[in-house]
Amino acid sequence: MKIIKEYVKNKKEEIFNLVKNLDIEIKLVIIQVNNDPASDAYIRGKLKDLNEVGIKGELIKLEVNTTQDELLKLINKLNNDSTVTGFIVQMPLPKHIDEELIKRSISPDKDVDGFNVLSKFNPATPNGIVTYLKDNNYHFESKNALVIGRSNIVGRPMAEMLLKENMNVTILHSYTKKEDLKFYVEHANLIIVAVGKPHFLTNDFKFNEDTIIFDVGINRINGKLVGDCDENLNVKFQSPVPGGVGLLTRLSLILNLLEVYNNGI
Ligand code: NAD
């Protein structure tokens, strides 16, 4: 497996060279309806990535008291704006706005976050992981994949994507018993951990020697960013935190935008 930081850097250079020769502008609009510092940081990261590859990024920051109707009107406008390649609505939204309704109202053609159930795009995190594995010529077929966590943005779509690659997929969740977790970990070739608990996987578990782990978790311990896994697990490859799945997730957004462009939308 390539070092993720280098892989993403190379991919971005490739995309930059591709984008600079296009005769049309690719543009992403980000709608933000919160004053959440974590969202500010994610948005800054996304805009920086876009800038690096020559894609235009525009932030529309709305007041937190924006009504649901006003937001829906803006979404409708962007759905119909041919100069906008794709757009995303940064979560979380204020309580008076129905998140599911908002997700459903984004045109599936422009939903580069993969939020709409009808979206043509896979959610960014699973898509980033699968793209990376494919670019590393990973052989998926008939291997055992273990997805820990069943959220709508990571665990479930992750399992679905691995199933499409003909893996044997198991999903575990908060009701899974510890002894069963041990059993499945021991039999897995590929493990995706998206739980949100530090030290969830440690070297107390027995791993397959060919096991590859993607650590999706983001946790803070005394200001330090850590994943769900201890560092240096006895496995063939483990994605680091930071500098791992987060980078692949960010790259995935750009890849989805290019796909919208390629589809001529
Ligand atoms: P979530 O809270 O929606 O889901 C957590 C899942 O973990 C749940 O499905 C739950 O059933 C499962 N779980 C909890 N305790 C468990 C246990 N003891 N055994 C097995 N499963 C258990 O979270 P999410 O949105 O899927 O995110 C998970 C983590 O990944 C968080 O730390 C989040 O910050 C991080 N995240 C990172 C990225 C990235 O780009 N790196 C993207 C999305 C989420």
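What comes next concerns the included structure. All values derive from a computational prediction rather than experimental measurement.

## Some words on the site of the ligand
At step 1: For the ligand, the set of nearby residues contains 20 residues, the closest of which are Arg-150, Ser-151, His-173, Ser-174 and Thr-249.
At step 2: Within the backbone of Arg-150, an N or O atom sits 2.8 Å from an oxygen atom of the ligand.
At step 3: Between Lys-197 and the ligand, the recorded distance is 3.0 Å, taken from a side-chain N or O atom to a nitrogen atom.
At step 4: Protein burial of the ligand: of its 860 Å² of free accessible surface, 72% is covered by the chains.
At step 5: Counting residues per element, the shell around the ligand draws most heavily on helix 8 (residues 245-262), at 3 residues.
At step 6: Classifying every residue of the shell around the ligand gives 9 nonpolar, 9 polar and 2 charged.

## Brief notes about the sheet that holds strand 1 (residues 27-32)
At step 1: As summarised here, the arrangement of the 3 strands in space is 2-1-3, forming an open sheet in which the pairing is parallel. Sheet topology places strand 2 (56-61) and strand 3 (86-90) at the edges, where each strand pairs with a single neighbour. Across this sheet, the average inter-strand angle for adjacent strands is 20°, counted without regard to direction.
At step 2: Sheet topology places strand 1 next to strand 2; 6 bridges connect them, and they run parallel.

## Digging into the pairing of strand 5 (residues 168-172)
At step 1: Of the strand pairs in this sheet, strand 4 (residues 144-148) and strand 5 are connected by 5 bridges, and their pairing is parallel. Paired with Val-147 across the two strands is Ile-171, which belongs to strand 5.
At step 2: Following the chain from strand 4 across helix 6 (residues 155-164) to the adjacent parallel strand 5, one finds a crossover that is right-handed.

## A few points about the nonpolar core
At step 1: Formed by 44 residues in total, the largest nonpolar core has its most connected members in Leu-162, Leu-190, Ile-192 and Phe-214.
At step 2: Per-element accounting of this core gives the leading share, 9 residues, to helix 8.
At step 3: Domain assignment of the residues forming this core places at least three in each of domain 1 (4-108) and domain 2 (124-240).
At step 4: Apart from the residues within four sequence positions on either side, Ile-192 is in contact with Ile-129, Leu-146, Val-147, Ile-148, Met-158, Leu-162, Phe-214 and Val-216.
At step 5: Among the nonpolar cores identified, the runner-up in size contains 16 residues, and Val-29, Val-84, Val-89 and Ile-102 belong to it.

## What about unusual backbone geometry?
At step 1: Cis geometry is found at the peptide bond from Met-91 to Pro-92, where omega equals 0°.
At step 2: Inspection of the secondary structure puts Pro-92 in the loop between strand 3 and helix 4 (99-105).
At step 3: Not every positive phi belongs to a glycine, and His-199 is a case in point at roughly 60°.
At step 4: Along the polypeptide, His-199 turns up in the loop between strand 6 (190-193) and strand 7 (212-215).
At step 5: Judged by its relative accessible area of 51%, His-199 is exposed.

About the cut-offs
Residues numbered from 1 in each chain as written. Predicted model: local features only at pLDDT ≥ 70, side-chain atom pairs only at ≥ 80, totals over all residues. Heavy atoms only, no water. Near = heavy atom within 4 Å. Polar contact = N/O pair within 3.5 Å; in protein donor to acceptor, adjacent residues only side chain to side chain. Areas by Shrake-Rupley, 256 points an atom, 1.4 Å probe, with all protein chains shown as cover. Helix = DSSP H or I, 4+ residues; strand = E, 2+ residues; numbered from the N terminus. Nonpolar A, V, L, I, M, F, W, Y, C, P; charged D, E, K, R; others polar. Pairing = 2+ DSSP bridges. Axes fitted to C-alpha atoms, helices over the stretch in contact; angles between N-to-C directions. Right-handed = clockwise from strand over helix to strand, strands pointing away. Core = buried A, V, L, I, M, F, W, Y, C linked by side-chain atoms within 4.5 Å. Buried < 20%, exposed > 50% of the residue type's maximum accessible area, 1.4 Å probe, protein only. Domains from an automatic or database assignment. Contact = heavy atoms within 4.5 Å.

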